[in-house]
Amino acid sequence: MTSPHLTHRHRKLADLSKKQGLDALAINPGPSLPYLTGLHFHMSERPVVVFFSADHPPIIVLPELEMLKMKNLPYEIEAFPYGEDPASWGQVFQEAMRAGGLEQSRIGIEPLALRVLELGFLEAAAPEAQFVSGEAAVVELRMRKDQGEVAHMRKAAQIAQAALHATLPMVKPGVTERQIASELALQLLRHGSQSPIAFAPIVSSGPNSANPHAFPSDRELVPGDLLVIDWGASVEGYLSDITRTFAIGEVAPEFELIAEIVEKANAAGRAAVKPGVPAGQVDDAARKVITEAGYGQYFTHRTGHGLGLEGHEEPYIRSGSQLPLEVGMSFTIEPGIYLPGRGGVRIEDDVVVAADGLESLTDLPRRLQVIEG
Ligand code: ZN
Ligand code: ZN
């Protein structure tokens, strides 16, 4: 990560914070921290917090043992390290916040990342400060991917597709969902995914495939099953998230029918993506195909979710969202039909909004693929 990159992000973050009425942001380990600092920390019992404000270089409170990471950073940062005695940490937080002039500030935090642990130290160090959600500022910034980020996502999609290719030969009747999921996880790593992979692969067969978020079980594949595989890789923290559906041998005609409908809904969703279009319109386009075919009640979730450093982030592709799509926004298109107790189909692609429509990062065949025993 080059320094103009990060300092540019710091400047934009300061602008966006101001727009949200915030004096500063307090960010702890989670996807936004490496995005803003290039630094990686594990979330642990030792709190790490970085303060960003318009008129001060970033300030970081961190354990002494992590100080090596402060060397040769491509931007200015003021570090406040603490030792191993937790009784001393409060004072270090106080010094850091005083140095930043934050004692009476309105400070944005990320509600999904900051824990009671960090909040306790912040509130004790600055009893007169206000801590509110700063999510909007961070979301605004992270929602539009630059070319470097898209390149990581493209690679994460390619790795995932190659891993599936390498896994498919073992998929046949008699093999369990869990065996397929573990082979796929292994192939993701072998093909270059970072560890941890994007998420534990979903492999669901037969009646289990009617559950959109099934966990792989010891169920063995049998002819006539639908098989849903939902998996992804991670590259520099950026994720892919793909779903394809397979038929094990010959399946019921209705299964072939819903597979065709979902394929059309996926295509309609992708066709609706262009700059300026409200996110909700993409959901409407995909949903319309399924509803008109009579399966509307079996498409039980939104059409997609933003994808990037997190598996689920803005923009959410849900009905009613007025958020206008912009170049660089990345998300999934993943309509599905789930027939309770029988089987389900989902087809999920990862796309990035481009000037002339979209770039699909995923291009595996979307048609129901029949796997013969
Ligand atoms: Zn998925
Ligand atoms: Zn998804």
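The model shown is predicted, which means the values in this text are computed figures rather than measured ones.

Enquirer: Explain the overall build of the protein chain to me, using residue names and the numbers behind them.
Expert: Check the secondary structure of the protein chain and you find nine helices and 19 strands. Relative to a compact globule of 373 residues, whose C-alpha radius of gyration would be 21 Å, the protein chain shows 23 Å and is just as compact. Projecting the C-alpha coordinates of the protein chain onto the three principal axes gives extents of approximately 70 × 40 × 35 Å. Here the protein chain holds 373 residues, and 51% of them are scored as buried. Accessible surface, the protein chain as shown: approximately 16,200 Å² in total, 53% of it carbon and sulfur. If the 32 positive side-chain charges of the protein chain are averaged to one point and the 48 negative ones to another, these points end up 4 Å apart.

Enquirer: An account of the environment of Q194 is needed here, citing residue identities and associated values.
Expert: Position of Q194 among the secondary structure elements: in the loop between helix 7 (177-190) and strand 7 (202-205). Sequence spacing of Q194 and G83 is 111 residues, and the spatial spacing of their C-alpha atoms is 31 Å. Sequence-distant contacts of Q194, defined by excluding residues within four places in its chain, comprise L189, S234, V235, E236 and G237. Of the polar contacts made by the side chain of Q194, one reaches the backbone nitrogen of E236; its length is 3.3 Å. Polar side-chain contacts of Q194 include one of 3.0 Å to the backbone nitrogen of G237.

Enquirer: Which residues make up the coordination of the zinc ion (ligand 2), and what values do they have?
Expert: Looking at the zinc ion (ligand 2), the protein donor atoms are D241 (OD), H305 (NE2), E334 (OE) and E348 (OE), and they sit 2.1 to 2.2 Å from it. Taken together, the four donor atoms coordinating the zinc ion (ligand 2) span angles of 80 to 156 degrees at the metal, a pattern that classifies the geometry as irregular. Here the zinc ion (ligand 2) and the zinc ion (ligand 1) are spaced 3.1 Å apart, and both take D241 as a donor. Placement of the pair is H305 in strand 12 (residues 304-306) and E334 in the loop between strand 14 (330-333) and strand 15 (336-339), with a sequence separation of 29 residues. As far as the burial class goes, H305 and E334 line up, both buried.

Enquirer: Explain the coordination of the zinc ion (ligand 1) to me, using residue names and the numbers behind them.
Expert: Listed as protein donors to the zinc ion (ligand 1) are D230 (OD), D230 (OD), D241 (OD) and E348 (OE); their distances from the metal cover 2.0 to 2.4 Å. Considering all four donor atoms around the zinc ion (ligand 1), the spread of angles at the metal, 57 to 145 degrees, places the coordination shape in the irregular class. Coordination of the zinc ion (ligand 1) draws on donor residues from a single chain, spaced D-x10-D-x106-E in sequence. Exposure remark for D241: the relative accessible area of 6% places this residue in the buried category.

Enquirer: Tell me what's going on with the domain arrangement of the protein chain, and back it up with residues and numbers.
Expert: The domains assigned to the protein chain are domain 1 (3-142) and domain 2 (147-371). Between the C-alpha centres of domain 1 and domain 2 there is a distance of 35 Å. Listed by partner, the interface residues are five residues for domain 1 and six residues for domain 2. Interface area for domain 1 against domain 2, summed over the two sides, is near 510 Å², with a carbon-plus-sulfur share of 54%. A per-residue breakdown of the area domain 1 buries against domain 2 is headed by P31, Y35 and R142, which together make up 69% of the total. Put simply, domain 1 and domain 2 have three salt bridges between them. Between R9 and E149 there is a salt bridge, with the nearest N and O atoms lying 3.9 Å from each other.

Enquirer: Before we move on, could you go through a negative patch on the surface and cite the residues and values that matter?
Expert: Side chains of E250, E256, E260 and E372 sit close together on the surface and give a patch of like negative charge. Structurally, E372 can be placed in the segment after strand 19 (369-371). Looking at E372, the relative accessible area reads 59%, which means it is exposed.

Enquirer: Would you mind going over the layout of surface pockets in detail, with residue names and values included?
Expert: Roughly 800 Å³ of internal volume is contained in the largest pocket. Lining the largest pocket are 29 residues, and of these P34, H40, E236, G237 and L309 lie nearest its centre. Elements with a minimum of two residues in the lining of the largest pocket: helix 1 (3-19), helix 2 (32-37), helix 6 (147-167) and strand 10 (238-239). Residue classes in the lining of the largest pocket are distributed as 13 nonpolar, twelve polar and four charged. In terms of domain composition, the lining of the largest pocket takes at least three residues from each of domain 1 (3-142) and domain 2 (147-371). For the second largest pocket, the calculated volume is near 460 Å³. Around the second largest pocket, the lining is made up of 23 residues, and of these I202, H213, D230, D241 and H312 lie nearest the centre. Per-class residue counts for the lining of the second largest pocket are eleven nonpolar, six polar and six charged.

Enquirer: For the pattern of salt bridges, give the residues involved together with the corresponding values.
Expert: Evaluated as defined, the whole model comprises 22 salt bridges. Three or more residues joined by partner-sharing salt bridges are found here, namely R142, K145, E310 and E313.

Enquirer: Talk me through the environment of A166; I want residue IDs and the actual numbers.
Expert: Here A166 shows up in helix 6. C-alpha of A166 to C-alpha of R190: the two residues are 24 residues apart in sequence and 9.9 Å apart in space. Discounting chain neighbours no more than four positions away, the residues touching A166 are Q187 and H191.

Each value, and the rule that gives it
- Residues numbered from 1 in each chain as written.
- Chains lettered and ligands numbered in written order.
- Predicted model: local features only at pLDDT ≥ 70, side-chain atom pairs only at ≥ 80, totals over all residues.
- Heavy atoms only, no water.
- Helix = DSSP H or I, 4+ residues; strand = E, 2+ residues; numbered from the N terminus.
- Rg over C-alpha atoms; globule rule 2.2 N^0.38 Å.
- Buried < 20%, exposed > 50% of the residue type's maximum accessible area, 1.4 Å probe, protein only.
- Areas by Shrake-Rupley, 256 points an atom, 1.4 Å probe, with all protein chains shown as cover.
- Lys, Arg positive; Asp, Glu negative; His and termini not counted.
- Charge placed at Lys NZ, Arg CZ, Asp CG, Glu CD.
- Contact = heavy atoms within 4.5 Å.
- Polar contact = N/O pair within 3.5 Å; in protein donor to acceptor, adjacent residues only side chain to side chain.
- Donors = N, O, S within 2.8 Å, 3.2 Å for Na, K, Ca; no water.
- Tetrahedral: all angles 85-135°; square planar, octahedral: opposite > 155°, others 65-115°.
- Domains from an automatic or database assignment.
- Buried area = accessible area lost by both parts, 1.4 Å probe.
- Salt bridge = Lys/Arg side-chain N within 4 Å of Asp/Glu carboxyl O.
- Patch = residues over 30% accessible without salt bridge, like charges linked within 9 Å, V, L, I, M, F, W, Y side chains within 5 Å.
- 1 Å grid on protein atoms, 1.4 Å probe; cavity = no way out; pocket = protein on both sides within 12 Å on 5 of 7 lines; lining within 4 Å.
- Points joined across faces, edges and corners; volume = space filled by probe spheres on them.
- Nonpolar A, V, L, I, M, F, W, Y, C, P; charged D, E, K, R; others polar.

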